[in-house]
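# Structure at a glance
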Protein chains: 2
Amino acid sequence: MSIFSVDYKNRKPIWEQLTDNVTDLVLRGLLPLGEAMPSVRAMAAELGINPNTIQKAYVELERRGVIISIPGRGSFVTTDISALLTERLESAAAALSESARAAKEAGIERERAIKIIEDVWGE
Amino acid sequence: MSIFSVDYKNRKPIWEQLTDNVTDLVLRGLLPLGEAMPSVRAMAAELGINPNTIQKAYVELERRGVIISIPGRGSFVTTDISALLTERLESAAAALSESARAAKEAGIERERAIKIIEDVWGE
DNA sequence: ATAACTGTACTATCTGTAATAGTACAGATT
DNA sequence: AATCTGTACTATTACAGATAGTACAGTTAT
């Protein structure tokens, strides 16, 4: 059972699922910084997916700054995730704000919204 | 300029965009209850979209209880949106909770989350 | 050196789904 | 009667994602 996962039933393209998945694993510390990633072909074999699809995901992961690929050597998890962490922080704040706006629009009371927040942070 | 809108660049299928769009308009009171909807063919002409695509959206809208279609007469906005309103309320609460969980995971402080909520409800 | 790895770069093809095109029918309205 | 309505089909087109196959240059280990 691999820590990498894709879902054919998901509407999101496989290569995009994989980039999100790997980004998440790195940010959660489940993929050690500097660690070697499975090679494109190895990952393809592991997930039963075409190497071209994996390649596309790796290109995007490098563009995002999650991994670094070196021809002949392999792909490695980046050693500096500070930029990634702040990016995620801000996008999460924006998403929360957006979600709150929708909730208000739907008729959620201010008190109920506060309670939802407190419940989550109290878990 | 129609109040109905679709976006070809959106990943979501057109018929699904339209069902969401109409549901939203009804719940926001921008489409009077009991009002006649544009006919399948009229809506198709108005949006420049194939009637079959509109038809698919209308079937889904009726399944959701947003409209009622009567062969030979037309399609009409439902007169009872109470069930729809509570559905939307609960799904918005669930979405907010989920979004809050992600924010916490990303490292958002409890105080900042509360402030985001207060800012939105204070708008 | 040579074999077996790496990432990368192509072209061609397959496939599933959304959207389109066209036709038809029965009921309602005017 | 003419013209609307929703509904039900089949056939076709269009597009994007995924696959298949090949190739090349750089690295690594034997």
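Residues numbered from 1 in each chain as written. Chains lettered and ligands numbered in written order. Predicted model: local features only at pLDDT ≥ 70, side-chain atom pairs only at ≥ 80, totals over all residues. Heavy atoms only, no water.

### Considering the nonpolar core
Formed by 26 residues in total, the largest nonpolar core has its most connected members in L96(A), I117(A), W121(A), L96(B), I117(B) and W121(B). If you list the elements that add at least two residues to this core, you get α4 (82–106) and α5 (110–122) of chain A together with α4 (82–106) and α5 (110–122) of chain B. When neighbours within four sequence positions are excluded, L96(A) is seen to be in contact with I117(A), L96(B), S99(B), A100(B), A103(B), A113(B) and I116(B). (Core = buried A, V, L, I, M, F, W, Y, C linked by side-chain atoms within 4.5 Å. Buried < 20%, exposed > 50% of the residue type's maximum accessible area, 1.4 Å probe, protein only. Helix = DSSP H or I, 4+ residues; strand = E, 2+ residues; numbered from the N terminus. Contact = heavy atoms within 4.5 Å.)

### Considerations on the relation of the copies chain B and chain A
Once chain B has been moved 0.0 Å along the axis and rotated by 180 degrees, it coincides with chain A to within an RMSD of 0.1 Å. On the angle and the small slide along the axis, the relation comes out as a two-fold axis. A high fraction, 100%, of the interface residues of chain B reappear at the interface in chain A, so the copies pair face to face through one surface. (Least-squares fit on C-alpha atoms with pLDDT ≥ 70 in both.)

### Observations regarding the interface of chain B and chain A
Tallying the contact residues gives 33 residues for chain B and 33 residues for chain A. Of the roughly 3300 Å² buried at the junction of chain B and chain A (both faces included), carbon and sulfur atoms supply 64%. Linking chain B to chain A there are eight salt bridges. For E118(A), the salt bridge is made with R110(B), and the minimal N-O distance between the two is 3.6 Å. Counting across the interface, chain B meets chain A through eight residue pairs in polar contact (both at pLDDT 80 or more). The set of elements that each furnish at least two residues to the side of chain B that touches chain A consists of α4 and α5 of chain B. Take the side of chain B that touches chain A: its biggest share by element is 15 residues, from α4(B). Split into classes, the residues belonging to the side of chain B that touches chain A amount to 16 nonpolar, three polar and 14 charged. (Buried area = accessible area lost by both parts, 1.4 Å probe. Salt bridge = Lys/Arg side-chain N within 4 Å of Asp/Glu carboxyl O. Polar contact = N/O pair within 3.5 Å; in protein donor to acceptor, adjacent residues only side chain to side chain. Nonpolar A, V, L, I, M, F, W, Y, C, P; charged D, E, K, R; others polar.)

### Describing the domain arrangement of chain A
Split into domains, chain A comes out as domain 1 (14–77) and domain 2 (82–122). Taking the mean C-alpha position of each, domain 1 of chain A and domain 2 of chain A sit 30 Å from one another. (Domains from an automatic or database assignment.)

### Here's the deal with the side chain of Q17(A)
Residue and element names in this part refer to chain A. Structurally, Q17 is set in helix α1 (residues 14–27). Exposure remark for Q17: the relative accessible area of 9% places this residue in the buried category. What Q17 contacts, discounting residues up to four positions off in sequence, is V6, D7, N10 and K12.

### Some points on the packing of α1(A) against helix α3 (residues 51–64) of chain A
All names here are of chain A. Two elements in contact, α1 and α3, have axes whose closest approach is 8 Å; the angle formed by their N-to-C orientations is 45 degrees. Our classification of the angle between α1 and α3 gives oblique. Viewed along their axes, α1 and α3 form a crossing whose handedness is right-handed. Of α3, the residues touching α1 (which contributes I14, W15, L18, T19, D20, V22 and T23) are T53, I54, K56, A57, E60, L61 and R64. Its residues placed into classes, the contact of α1 with α3 shows seven nonpolar, three polar and four charged. (Axes fitted to C-alpha atoms, helices over the stretch in contact; angles between N-to-C directions. Parallel < 35°, antiparallel > 145°, perpendicular 65-115°, else oblique. Left-handed = near helix turned anticlockwise from the far one by under 90°.)

### Observations concerning the protein's contact with DNA strand C
In the region of DNA strand C, 25 residues are neighbours, and R41(A), I14(B), N50(B), N52(B) and R73(B) sit closest. For DNA strand C, a sugar or linking oxygen lies 3.4 Å from a polar atom in the backbone of G72(B). Here R73(B) contributes a side-chain N or O atom positioned 2.6 Å from a phosphate oxygen of DNA strand C. Of all elements in the fold, only α2 (40–47), α3, β1 (67–70) and β2 (74–77) of chain A together with α1 (14–27) and α3 (51–64) of chain B reach the threshold of two or more residues within the surface near DNA strand C. Considering every element that reaches the surface near DNA strand C, the biggest residue donor is α3(A), with three residues. Within the surface near DNA strand C, the residues separate by chemical class into nine nonpolar, 11 polar and five charged. (Near = heavy atom within 4 Å.)

### Considerations on the pairing of strand β1 (residues 67–70) of chain B
All names here are of chain B. Pairing of β1 with strand β2 (residues 74–77) involves four bridges; the strand directions are antiparallel. Pairing of I70 across the sheet is with G74, part of β2. What sits between the antiparallel neighbours β1 and β2 is a turn of three residues, in which G72 has the positive phi angle 90 degrees. (Pairing = 2+ DSSP bridges.)

### A closer look at α3(B)
All names here are of chain B. The end-to-end C-alpha separation of α3 is 20 Å, in line with the 20 Å expected for 14 residues at 1.5 Å each. In this fold, the buried residues of α3 make contact with α1, α2 (40–47), β1 and β2. The distance from a side-chain oxygen at the start of α3 to the backbone nitrogen of N52 is 2.8 Å, and the residue carrying that oxygen is N50. At the exit of α3 stands G65, carrying a positive phi of roughly 85 degrees. (Expected span 1.5 Å × (residues − 1).)

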